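# Examination of the molecular architecture
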Amino acid sequence: MASSGIPLDTAAIFSTSMEGILYGFSVLMFMGTIWTLTYKQRMKDINRPIAVVAISLLILSTAHMIVDIIRIEQGLVTYRDTFPGGPPAFFADVAQETFVIKNVIYTLQTMLGDGILIYRCYVVWQTVWVIAVPSLLWCGITACGFCAVYSVSQASSEAAIFAKATGQWITAFYSMTLATNLLASGFMAYRIWTIERNVSAIRTSKSTLMPIIRVLVDAAILYSVSLFSALVCFTTSNNGQYIMLDMIMPIISIAFYMVIIRVAINKRTSSYLSTVGGNSATTPGNSRQYPMRPLQVHVSQLAYNDDTSSYRTGSQDKPSTKVEVKEASFPV
């Protein structure tokens, strides 16, 4: 199937340039994430699973960036005058080793990013039923991703990426990745919003979970728009899909890092409610004391713990004349 859009050699230069810009931004956010996880923390208190995921995303993004640079050098310099058809034909050859390797890396990055998103959704809801569909989609993503890589590796040099043998797997891969992201992010944002709504009635401080909801939505929109653009370009056989493919790699990392950093900021600006207690009360301007009767107090509690991100709620009724509500805790 013939492709349309910009020439492939131009697409390769532009996609690598855009990936490089986003990669640099993701490195800065990675540094912020590591600082967030380690600042004033003892070694045993560092959230190691989150740190491992953050480092893994950076390693995969870096590997993809290196492979793209090597591919550009081969297509425009090394084989410029010797490859039949010149640079456009080189970049159209799906059987090239660098093309296969970069697609393996992209598949692994997607699996890791979507997997951590699904796990966060599970921790927020504390039930496997909510993540049943996203988990099935993740299994489909894994299968389609490696089937696409295998079909590309077995293709001839004349085969196009948009051919049916490879195109059907890639289309399914993009579609299921988009669906997984929208479902998991939507479920998670809805759950946090309901928690926020429930505790707002007893909140006496300015602490709020709305910044976390906003950053979850922002990350989901950023990733979803990129995936949708790649899907549209691919289904229309447009060479712009090569550009979107390379840009998505650092975007996956950025979407992950921005949530961790936002949670850390929220943690440091959140305040704990303290106070209502004693066996007597006074009115302003009046030194007279009034006895306090035992109260039936409904205490709601919300805690957040990002083991990759977890939220929980609980409630209890107890007689007391002192109320202490822990509104929000955000250990990252």
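Preceding this section is the structure that the text describes.
What counts and how
- Residues numbered from 1 in each chain as written.
- Predicted model: local features only at pLDDT ≥ 70, side-chain atom pairs only at ≥ 80, totals over all residues.
- Heavy atoms only, no water.
- Helix = DSSP H or I, 4+ residues; strand = E, 2+ residues; numbered from the N terminus.
- Expected span 1.5 Å × (residues − 1).
- Buried < 20%, exposed > 50% of the residue type's maximum accessible area, 1.4 Å probe, protein only.
- Salt bridge = Lys/Arg side-chain N within 4 Å of Asp/Glu carboxyl O.

The terminal C-alpha atoms of helix 7 (residues 210-235), which comprises 26 residues, lie 37 Å apart, in line with the 38 Å expected from a rise of 1.5 Å per residue. Of the residues trailing helix 7, Ser237 is marked for its positive phi of about 55°.

Backbone geometry at Gln126 places phi at a positive 60°, although glycine is not the residue there. With respect to the helices and strands, Gln126 occurs in the loop between helix 4 (97-125) and helix 5 (132-153). At Ser237, a residue that is not glycine, the phi angle is positive and equals roughly 55°. For Ser237, the position within the fold is in the loop between helix 7 and helix 8 (240-269). A relative accessible area of 7% means that Ser237 is categorised as buried.

Attention shifts here to the pattern of salt bridges. In the structure shown here, the tally under the stated rule is two salt bridges. A salt bridge links Lys102 to Asp68; the shortest N-O distance between them is 2.8 Å. Separated by 34 residues along the polypeptide, Lys102 in helix 4 and Asp68 in helix 2 (residues 48-78) bring together distant segments of the chain. In this structure, Lys102 and Asp68 share a single accessibility class: buried. Residue Asp246 is joined to Lys102 by a salt bridge in which the shortest nitrogen-to-oxygen separation is 2.9 Å.

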